Amino acid sequence: MILRCMKHDSKHKIVGSSVPRVDAFDKVSGRAKYAADYNAKGQLYGMVCYASHPHAKILNIDTGKAAKLPGVRAVLTHEDIPGEKSFGSVIPHQMALCSDKVRYSGDVVAIVAAESIEVAEQAIELIDVDYRQLDVVSDPKVALKDGAILIHDENNLCAYHKVRRGNIDEGFEKSDVILERDYSTSKIEHSYIEPEAVLAEPGENGGITITGSVQNLYSIRRAVARVLGLSLNRVRIIQATLGGSFGGKDETMSALCCRAGLLALATGKPVKMVNTREMSMRESYKRHSYQIHYKVGSTKCGILQAIESEIYADAGAYAAMSPFVTWRSAVHATGPYSIPNVKTDVYAAYTNNCYTGAMRGFGSPQICFAIESLIDELAEELNLDPLELRLKNILKDNSITATGQGLKHKVSLKEVLDNVTEKMGFVDKWKQNREQKRDTAFKRGIGISCSYRGISLGAEGTDAAGVIISIQTDGSVILSTGLIEMGQGAATTISMIVSEKLGITPDRIRFLSADTSRSPDSGPTVASRTTFMAGNAALRGCHELLERIKPVAAELLRCPEQDLLFENNSVYAPNKTSEGDRKIPFSELADKCFQKGISLFAHGWYKSPPTTWNEENGQGDAYFTYVYGANLAEVEVDCITGNVRVLKFISSHDPGQIVNLSGALGQVYGGVIMGIGYAMLENYAESEGNPLVANFDEYLLPTACDIPEIETTLIHNPDELGPLGAKSLGEPACEIAAPAIANAVFNATGMRIRHLPLTLERVKLGKELVRIDSRGSVKARGG
């Protein structure tokens, strides 16, 4: 792994350096407690009864035999739910326990609590459910046709978003070249190492406490309160150490927490529920599969005039986050390019497939694959190299986006593209690869991609977060926030920002796991928003504390407040004479403040800058700022077997101010590897609503053998809105790997594959569609 940092800023003492993760030792030593590690005296074990069909009317549920099995303490159906039978953050129609019908194979019709897992499993087998099977709809386009089988009561349209800019017809009239292409992406599994698990315990005053592998505590608390018929203050959700999530432990965990809570209240006993991998893959939501049609118009010299797109997302059985995921797709559908005329239509449709929701990238990986493939195809048609066409059209300072937003910050697209192309001599190498001999068994190719990405939630809804900072009398600090650590390094990042502002070392800070009874509701931990939102909230909390303790420090050191320097666990009064600086330990200052009755507790709260959105035309300032990235992939294609091997990957990103350098690198490396899996291997296949894969022995993931050499260049470009200039990196790192690889395969073989993943079968089939021109270079017919 190789790193280059551009224009590094050394004005910060902690921020920008590499700091070991604050949770590293506990995780590598085995001390970290994951959800499945929690137990309670006298606990029971919960198990679910899944639907036997992907779409069927429930005629009768007979639990009699299961309830009589020795060791069974409760068997519950929808009739035993004290509150609402459904939940959902956007559309509350997802069933905790199905009542009238089942809508996908992961639906649950009954739950059991027993004295052992074995007894619970036996009881599930004794539950008899009578169904009347219904026709299945599994294609989102078919689902939206008149007369289609209805998944829910009204129609199968889950969400619709549009963007209109300029005059699309005039744009195509001005175009010398017009291309229309179709692309598709696969549905994929989050593939976190830790399956879902919870421990639900009846609490005092009829409440419930649930400890689990939860990502978004407050949306889960709302779901549990709704289904159990409790007020929010009687539901406590505690986050256990999370063994990965990538966006996948939200609605899935809401359902599991609701079911465990129902069993715990019904029995008066703690109930533990742990999914097997097979259960997790059957029930948990996935990344959306997309069907995408693009039409692009350009002048003959390569100036884009118009882009029209029609995009269909498979929402599956329930809405979950589909309305928000597809909204981001609509905003970013034209890619990081200046387009005067735009028409975008994005549809999410209900089907009987496994439902889909948030996953790292949140509606961008699908779009990036399609638009970046399209740009390469247009370059081929115009006889331009892919870099030249991009540089003619990328967004720049003060450019206007497809949604009509003026970019007032530093736009670094050219810089990131230069970083990934110059060292490899991209243009020369790209041309050389096109001249490879026809009969060469192994061919090499090189491809690029780039993107821009809106920070945080944007105009999706309210965007605010809080951080609690408590200085102890020994100068150590306790830190908590409603935005969680799920493996991405948030605990370390927020600790470093507090460390920087208070002048204490990160080892003096303890970051607490989130708990709805002691952490402020800060919205969901999604959209790469944690560093930006919690970081800004932490700065406000630190400012409040410093305003209180500085007068005491100035009194002790006999100097003006403005001269104080907080650094290295001490407070300094710089002495301009030769006598040296005067200082006191930060711990002494904390103790003195406590003795004076000064509060050492602060709640920092940050609300994002304003955004705007007009649903009628898809225009507005969709996000308050953006990040930029570019990738280059070099591949080798075995022209006999169709095997594609990624040899080298260069990634350049502008995350604003880097907070933790080692954490930033980890995000890029992990994002690249996840992107390789998305590009070449992963596919959660289904047939007529039935999953065709059940475990990782059938679902292909990248291994250590698939990881190429990765070179990373991070640009130091602080944003005035970010905490100390920081923006985000987690999701941009993974969203543009797939198109770079697909474009590299084309450069090697002349074969354009427009459907993910780039499997051996597709590569081998595509080979037969390539013709060789008289000069020996390759051009694509399609693929």
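For every chain, the first residue of the written sequence is number 1, and numbering continues from 1 onward in sequence order. Reporting of local features is limited, given that this is a predicted model, to residues whose pLDDT is at least 70; pairs of side-chain atoms are given and counted only at 80 or more, and all residues count toward the totals for whole chains, interfaces and linings. Neither water nor hydrogens contribute to the side-chain values; these are computed over all heavy atoms in the structure.

**Q** Could you give an account of the overall build of the protein chain, naming the residues involved and the relevant values?
**A** Helix numbers and strand numbers start at the N terminus; a helix is a DSSP run of H or I with at least 4 residues, a strand a run of E with at least 2. Check the secondary structure of the protein chain and you find 20 helices and 33 strands. The buried label goes to any residue with under 20% of its type's maximum accessible area, the exposed label to any with over 50%, and the partly exposed label to all in between, with areas taken from a 1.4 Å probe on protein chains only. Looking at the protein chain as a whole, 62% of its 783 residues are labelled buried. For this analysis, residues touch if any pair of their heavy atoms sits within 4.5 Å. Summarising the internal contacts of the protein chain: among those between residues at least 6 apart in sequence, 80% fall at separations of at least 24. In the form shown here, the protein chain has an accessible surface area of approximately 29,100 Å², with 48% of it arising from carbon and sulfur atoms. Where accessible areas are quoted, they stem from the Shrake-Rupley method and a 1.4 Å probe; at the residue level, only the protein chains shown are allowed to cover.

**Q** Could you give me a rundown of the sheet that holds strand β23 (residues 565–567), with the residues and numbers involved?
**A** Strand pairing in a sheet relies on backbone hydrogen bonds. The paired strands run either parallel or antiparallel. What makes two strands pair is DSSP finding at least two bridges between them. Pairing within the open sheet is antiparallel, and its 3 strands lie in the order β23-β24-β25. Both edges of this open sheet fall to β23 and β25 (582–585), since each of them pairs with a single strand only. Here the average twist between neighbouring strands, direction ignored, is 25°. The pairing of β23 with strand β24 (residues 570–573) spans 3 bridges and is antiparallel. Helix axes are fitted only over the stretch in contact, all axes being lines through C-alpha atoms; the angle between N-to-C directions runs from 0 to 180 degrees.

**Q** Could you give me a rundown of the sheet that holds strand β4 (residues 72–76), with the residues and numbers involved?
**A** Taken in spatial order, the 7 strands of this open sheet run β4-β8-β2-β15-β12-β13-β14, and their pairing is mixed. Each edge of the open sheet carries a strand with a single partner, namely β4 and β14 (235–239). The average undirected angle you get between the axes of adjacent strands in this sheet is 20°. Across 4 bridges, the pairing between β4 and strand β8 (residues 108–114) is antiparallel. If you follow valine 75 over to β8, its bridge partner there is valine 112. Sheet strands touched by helix α3 (residues 117–125): β2 (44–50), β4 and β8. Its angle to β2, the strand with the most contacts, is close to 25°. Across the sheet, helix α6 (residues 217–228) lies against β13 (208–212) and β14, angled at about 145° from β14, the strand it touches most.

**Q** Tell me about the packing of helix α10 (residues 364–382) against helix α11 (residues 386–393), and name the residues and values.
**A** Remark: α10 packs on α11, axes separated minimally by 9 Å, with the N-to-C direction vectors making an angle of 110°. Compared by their axis directions, α10 and α11 come out roughly perpendicular. Contacts from Glu372, Ile375, Asp376, Leu378, Ala379 and Leu382 of α10 reach α11 at Pro386, Leu389 and Arg390. Here the residues of the contact of α10 with α11 are counted per class, giving 6 nonpolar, no polar and 3 charged. What sets the label is the angle itself: under 35 degrees gives roughly parallel, over 145 gives roughly antiparallel, 65 to 115 gives roughly perpendicular, and the rest give oblique. Gly is placed with the polar residues, together with every amino acid not listed as nonpolar (Ala, Val, Leu, Ile, Met, Phe, Trp, Tyr, Cys and Pro) or charged (Asp, Glu, Lys and Arg).

**Q** An account of the packing of helix α17 (residues 661–680) against helix α19 (residues 737–749) is needed here, citing residue identities and associated values.
**A** Two elements in contact, α17 and α19, have axes whose closest approach is 8 Å; the angle formed by their N-to-C orientations is 55°. As judged from the angle between their axes, α17 and α19 are oblique. The two elements α17 and α19 meet at a crossing, and its hand is right-handed. Residues Val672, Gly675, Ile676, Tyr678, Ala679 and Met680 of α17 lie in contact with α19, whose contacting residues are Ala737, Ala738 and Ile741. Here the residues of the contact of α17 with α19 are counted per class, giving 8 nonpolar, 1 polar and no charged. Take the far helix as the reference: if the near one is turned anticlockwise from it by less than a right angle, the crossing is left-handed, and if turned clockwise, right-handed.

**Q** Account for the pairing of strand β28 (residues 644–654), naming residues and giving values.
**A** Counted residue by residue, β28 has 10 buried out of 11 residues, so it is predominantly covered. Pairing analysis gives 10 bridges linking strand β27 (residues 626–638) to β28, with the strands arranged antiparallel. Bridge pairing in β28 places tyrosine 628 opposite aspartate 654. Between the end of β27 and the start of β28, which pair antiparallel, lie 5 residues, with glycine 642 showing a positive phi angle near 85°. Summarising the sheet, β28 and strand β31 (residues 709–715) pair through 6 bridges and their orientation is parallel.

**Q** Could you give an account of helix α9 (residues 322–332), naming the residues involved and the relevant values?
**A** Of all 11 residues in α9, 10 are buried; the element is thus mostly enclosed. Here α9 has its buried residues at Ser322, Pro323, Val325, Thr326, Trp327, Arg328, Ser329, Ala330, Val331 and His332.

**Q** Describe in detail the pattern of salt bridges, supporting the description with residues and values.
**A** We define a salt bridge as a contact between a side-chain nitrogen of Lys or Arg and a carboxyl oxygen of Asp or Glu at a distance within 4 Å. Scanning all chains against the criterion turns up 34 salt bridges. For the salt bridge of glutamate 731 with arginine 453, the shortest nitrogen-to-oxygen distance reads 3.0 Å. Taken together, the residues span a long stretch of sequence, with glutamate 731 in the loop between β31 and α18 (732–735) and arginine 453 in strand β19 (residues 442–454) at a distance of 278 residues. When sorted by exposure, glutamate 731 lands in the same class as arginine 453, which is buried. Ionic contacts of the salt-bridge type, sharing partners, join the residues Arg21, Asp23, Lys27 and Glu485 into one network.

**Q** Describe helix α7 (residues 251–267), with residues and values.
**A** Expected helix span is given by 1.5 Å per residue-to-residue step, counting one fewer step than there are residues. Compared with an ideal rise of 1.5 Å per residue, which puts 17 residues at 24 Å, α7 spans 24 Å between its outermost C-alpha atoms and is within 8% of the ideal. With respect to burial, α7 is a largely interior element, 15 of its 17 residues being buried.

**Q** I'd like a rundown of the environment of serine 245, residues and numbers included.
**A** As for its position among the elements, serine 245 is in the loop between β14 and α7. Classification of serine 245 by relative accessible area gives buried; the value is 1%. Sequence spacing of serine 245 and serine 329 is 84 residues, and the spatial spacing of their C-alpha atoms is 21 Å. In this structure, serine 245 is in contact with His190, Tyr192, Gln215 and Met486, ignoring residues within four places of it in sequence. Between N or O atoms, a polar contact is any pair within 3.5 Å; within protein, one atom must be a potential hydrogen donor and the other a potential acceptor, and residues adjacent in sequence are included only when both atoms are from side chains. Side chain to side chain, serine 245 and glutamine 215 meet in a polar contact 2.3 Å long.

**Q** With reference to specific residues and values, describe the nonpolar core.
**A** Put simply, a nonpolar core is a bunch of buried Ala, Val, Leu, Ile, Met, Phe, Trp, Tyr and Cys residues held in one set by side-chain atoms that sit within 4.5 Å of each other. Core analysis: the largest hydrophobic core is formed by 185 residues, its most contacted members being Val109, Val112, Ile127, Ile208, Val224, Tyr294 and Ile741. In terms of residue count, α17 provides more of this core than any other element does, 11 residues in total. Leaving out residues up to four positions away in the same chain, isoleucine 741 has contacts with Ala633, Val635, Val646, Phe649, Ile676, Ala679, Met680 and Leu758. Listed in part, the 43 residues of the second largest apolar core include Ala465, Val477, Phe511 and Phe532.

**Q** Go over the packing of aromatic side chains, please, and point to the residues and values.
**A** We describe a pair of aromatic rings using the distance from one ring centre to the other and the angle between the two ring planes. Only rings of Phe, Tyr and Trp enter the pairing, Trp through its six-membered ring, and a pair is recorded when the two centres are within 6.5 Å. The plane angle decides the type: under 30 degrees is stacked, over 60 is edge-to-face, the rest tilted. Scanning all chains against the criterion turns up 15 aromatic pairs. When the centroid spacing of 5.4 Å and the interplanar angle of 50° are considered together, the rings of tryptophan 327 and tyrosine 623 count as tilted. You can see tryptophan 327 sitting in helix α9 and its partner tyrosine 623 sitting in the loop between β26 (601–607) and β27, a full 296 residues away along the chain. Relative to phenylalanine 624, the ring of phenylalanine 532 has its centre 4.9 Å away and its plane inclined at 35°; by these criteria the two rings are tilted. Of the two residues, phenylalanine 532 sits in helix α15 (residues 530–557) while phenylalanine 624 sits in the loop between β26 and β27, which places them 92 residues apart along the sequence. Among the aromatic side chains, those forming a connected cluster through ring pairs are Trp327, Tyr452, Trp613, Tyr623 and Tyr626.

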